[in-house]
Number of protein chains: 2
Amino acid sequence: MAGNANGGKTKPRERIVSAACTLFRENGIRATGVEAIAEAADTNKMTLYRHFGSKDELICEALKCISDRHSAFWDRLASDFPSDSRRRLLAWVELRAASLVEEPYGCDISNAAVELKETGHPAHAVIEQVKAAQHRQLTDLCAAAGTRDPELLANSLALLMEGARVSRCVSGPDGPSREFSRACYAVIEALSNADTVN
Amino acid sequence: MAGNANGGKTKPRERIVSAACTLFRENGIRATGVEAIAEAADTNKMTLYRHFGSKDELICEALKCISDRHSAFWDRLASDFPSDSRRRLLAWVELRAASLVEEPYGCDISNAAVELKETGHPAHAVIEQVKAAQHRQLTDLCAAAGTRDPELLANSLALLMEGARVSRCVSGPDGPSREFSRACYAVIEALSNADTVN
């Protein structure tokens with residue numbers, strides 16, 4: 001149970017969000033009921049609904065919490081490689097490759113988009129915002145690294161990453177995702193040195 | 001309603017599978033109940049359960065039906081470009097780019113993997129089989145096209161495609177998926193002409 005790991009040291013609200021993140025990731029958003037989340041967070045449904053008016057509100061809060069972790073990822077990249085953008089870009093590949101192993105369930109944000117298809121779901125705005133922010137950072141990094149077509153490179157790397165996370169989930173560690181890093185290096189090299197690709 | 005388009009001309013079993021495919025795709029597998037499928041197929045739950053012992057069985061049948069469409073895609077590629085493998089590879093890119101527009105919900109098979117996380121779900125075997133078969137065909141095509149590292153190219157293209165389908169679903173048509181074709185061409189060019197990528 002996700003919340004139990006906290007041993008009651010954190011506040012109920014934080015335990016609920018943490019338990020929701022874990023259960024949504026491992027079992028899916030729709031497959032996870034509020035009762036299971038409350039139980040995993042060592043609390044009850046009444047407390048859950050006092051903090052979050054609805055399951056949808058809790059879903060949005062869980063996605064924002066995951067987004068904060070993404071921001072921490074970018075902060076770490078910037079602080080580890082403050083001046084060498086090319087090195088930072090290669091570190092992005094390495095860290096993303098590591099995340100494929102550490103997070104076999106794929107991207108929580110993309111998985112939420114796959115699950116929550118209904119028009120007007122409040123999570124869509126959060127998903128859009130998080131993905132757009134991540135993509136801006138990747139495009140800025142590609143531009144800073146002095147590549148020939150930063151936008152094409154950022155889009156290519158974003159597709160490879162998005163694909164690797166899904167593929168890891170669908171076909172396991174021996175599927176196409178095992179070559180994520182080499183695919184990234186190939187496209188970085190292609191867009192650094194070769195002629196314009198049409 | 002998906003089944004109504006058939007106007008009662010097809011058999012109940014086919015209408016049920018067709019309705020299931022449509023509703024799973026548009027609303028998600030978990031969000032779709034058997035009642036809604038039966039209604040969309042112009043039949044009833046009792047008939048549905050006579051043909052399929054459970055919703056899980058119907059899910060597997062729907063995935064196999066989608067897999068047959070994938071086989072038709074490969075047959076079409078082979079018959080349109082029987083002798084020129086390089087042209088066939090470029091046609092793969094074009095047809096896949098077109099499918100991003102025609103099928104904005106992404107890959108039904110991958111989406112099923114994202115939704116159906118529970119260990120031992122019978123759909124996992126179908127998903128694995130379909131993805132492995134598709135990947136074999138893509139690897140064979142890359143090898144026939146005379147590229148330097150067919151396996152790396154097939155894996156890179158598979159990741160770009162998988163990523164583009166998710167990204168189209170998550171970030172819409174103006175997101176990274178809009179550059180799917182150019183990303184493919186860049187990687188095809190890189191692995192056709194350049195030196196070995198480490």
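Quick notes on the rules
Residues numbered from 1 in each chain as written. Chains lettered and ligands numbered in written order. Predicted model: local features only at pLDDT ≥ 70, side-chain atom pairs only at ≥ 80, totals over all residues. Helix = DSSP H or I, 4+ residues; strand = E, 2+ residues; numbered from the N terminus. Buried ≥ 20, exposed ≤ 12 C-beta atoms within 10 Å, placed from the backbone. Contact = placed C-beta atoms within 7 Å. Core = buried A, V, L, I, M, F, W, Y, C linked by C-beta atoms within 7 Å. Least-squares fit on C-alpha atoms with pLDDT ≥ 70 in both. Domains from an automatic or database assignment. Nonpolar A, V, L, I, M, F, W, Y, C, P; charged D, E, K, R; others polar. Expected span 1.5 Å × (residues − 1). Arc of directions from axis to C-beta. pLDDT = per-residue confidence, 0-100. Axes fitted to C-alpha atoms, helices over the stretch in contact; angles between N-to-C directions. Left-handed = near helix turned anticlockwise from the far one by under 90°. Parallel < 35°, antiparallel > 145°, perpendicular 65-115°, else oblique.

Asks: Sorry, what's going on with the overall build of chain A here?
Replies: Broken down by element type, chain A carries nine helices and zero strands. Ordered by position from the N terminus, the helices and strands of chain A form the series α-α-α-α-α-α-α-α-α. Projected onto its principal axes, the C-alpha coordinates of chain A cover approximately 60 × 35 × 35 Å. For chain A, the proportion of its 198 residues judged to be buried stands at 42%. Within chain A, contacts between residues at least 6 apart in sequence are counted, and of these 61% link residues at least 24 apart.

Asks: I'm lost on the nonpolar core in this one. Help?
Replies: In summary, soluble globular proteins display a tendency toward joint burial of nonpolar side chains. Counting residues in each nonpolar core, the largest one holds 60 residues, and the members touching the most others are Leu63(A) and Leu63(B). Excluding residues that lie within four positions of it along the chain, Leu63(B) makes contacts with Ile109(B), Ala112(B), Ala123(B), Val126(B), Ile127(B) and Val130(B).

Asks: Help me understand the relation of the copies chain A and chain B in this model?
Replies: Superposing chain A onto chain B takes a rotation of 180° plus a shift of 0.0 Å along the axis, which leaves an RMSD of 0.0 Å. The transformation just described matches what one would write down for a two-fold rotation axis. For chain A, the minimum C-alpha distance to the rotation axis belongs to Gly163(A) and amounts to 1.7 Å. The overlap is high: 100% of the interface residues of chain A also sit at the interface in chain B, so the same surface is used on both sides.

Asks: When you look at the domain arrangement of chain A in this model, what are you seeing that I'm missing?
Replies: Much of the literature gives interface size as the accessible area that the parts lose upon coming together. Residue and element names in this part refer to chain A. Looking at chain A, the domain boundaries give domain 1 (1-53) and domain 2 (64-193). A separation of 27 Å is found between the C-alpha centroids of domain 1 and domain 2. Taken together, the contacts link eight residues of domain 1 with seven residues of domain 2. Split by residue class, the side of domain 1 that touches domain 2 holds four nonpolar, one polar and three charged.

Asks: I would appreciate a short explanation of the interface of chain A and chain B in the present structure.
Replies: Across the contact, 45 residues belong to chain A and 45 residues belong to chain B. Looking at the side of chain A that touches chain B, the elements that each hand over two or more residues are α1 (12-27), α6 (108-115), α7 (123-144), α8 (150-171) and α9 (180-193) of chain A. The leading source of residues in the side of chain A that touches chain B is α8(A), at 15 residues. Looking at the side of chain A that touches chain B residue by residue, the class counts come to 23 nonpolar, 13 polar and nine charged.

Asks: Any chance you could explain helix α5 (residues 85-102) of chain A here in plain terms?
Replies: Given 3.6 residues per turn, any residue in an α-helix points the same way as the ones three and four places further on. Residue and element names in this part refer to chain A. The first and last C-alpha atoms of α5 sit 25 Å apart over 18 residues, in line with the 26 Å expected at 1.5 Å per residue. Along α5, the positions that sit buried rather than exposed are Leu89, Trp92 and Leu100. One side of α5 holds all its buried residues, which, seen down the axis, span an arc of 70°. For α5, exposure combined with an orientation more than 90 degrees from the buried face picks out Arg87, Glu94, Ala98, Val101 and Glu102.

Asks: Honestly, the environment of Asp84(A) in this entry has me stumped. Any pointers?
Replies: Residue and element names in this part refer to chain A. Residue position: Asp84 is located in the loop between α4 (55-80) and α5. Owing to 13 C-beta atoms within 10 Å, Asp84 belongs among the partly exposed residues under this scheme. Through-space distance from the C-alpha of Asp84 to that of Ala98 is 21 Å; in sequence the pair is 14 residues apart.

Asks: Would you mind showing me how to read the confidence of the model for chain A here?
Replies: Parts of the model with low pLDDT should not have their predicted coordinates read in detail. All names here are of chain A. The pLDDT averaged across chain A works out to 90; a share of 93% of its residues lies at or above 70. Note that residues 1-6 has pLDDT below 50 and, in this model, 16 contacts with residues that lie over four places away or in other chains. The low-confidence segment residues 193-198 (pLDDT under 50) makes seven contacts with residues lying over four places distant or belonging to another chain.

Asks: Help me understand the packing of helix α6 (residues 108-115) of chain B against helix α7 (residues 123-144) of chain B, please; the structure alone is not making it clear to me.
Replies: Packed helices, taken two at a time, are described by their axes: the angle between them and the distance between them. Residues and elements named next belong to chain B. Their axes nearest at 10 Å, the elements α6 and α7 cross at an angle of 145°. Regarding α6 and α7, the two cross each other, and that crossing is left-handed. Within the contact between the two elements, α6 uses Ile109, Ala112 and Ala113 and α7 uses Ala123, Ile127, Val130 and Lys131. Here the residues of the contact of α6 with α7 sort into six nonpolar, no polar and one charged.

Asks: Looking at this structure, how should I read the packing of helix α1 (residues 12-27) of chain B against helix α4 (residues 55-80) of chain B?
Replies: Residue and element names in this part refer to chain B. Between α1 and α4, whose axes approach to 9 Å, the crossing angle comes to 85°. As summarised for this structure, α1 and α4 are arranged roughly perpendicular, according to the angle between their axes. Touching Ile16, Val17, Ala20, Cys21 and Phe24 of α1 are Leu58, Glu61, Ala62, Cys65 and Ile66, all from α4.

Asks: Explanation requested: the environment of Pro104(A) in the structure shown.
Replies: All names here are of chain A. The topology assignment puts Pro104 in the loop between α5 and α6. Pro104 sits in the partly exposed class, given 14 other C-beta atoms within 10 Å. Taking the C-alpha atoms as reference points, Pro104 and Arg25, separated by 79 residues in sequence, lie 9.8 Å from one another. Setting aside residues up to four positions removed in sequence, Pro104 forms contacts with Arg168 and Cys169.

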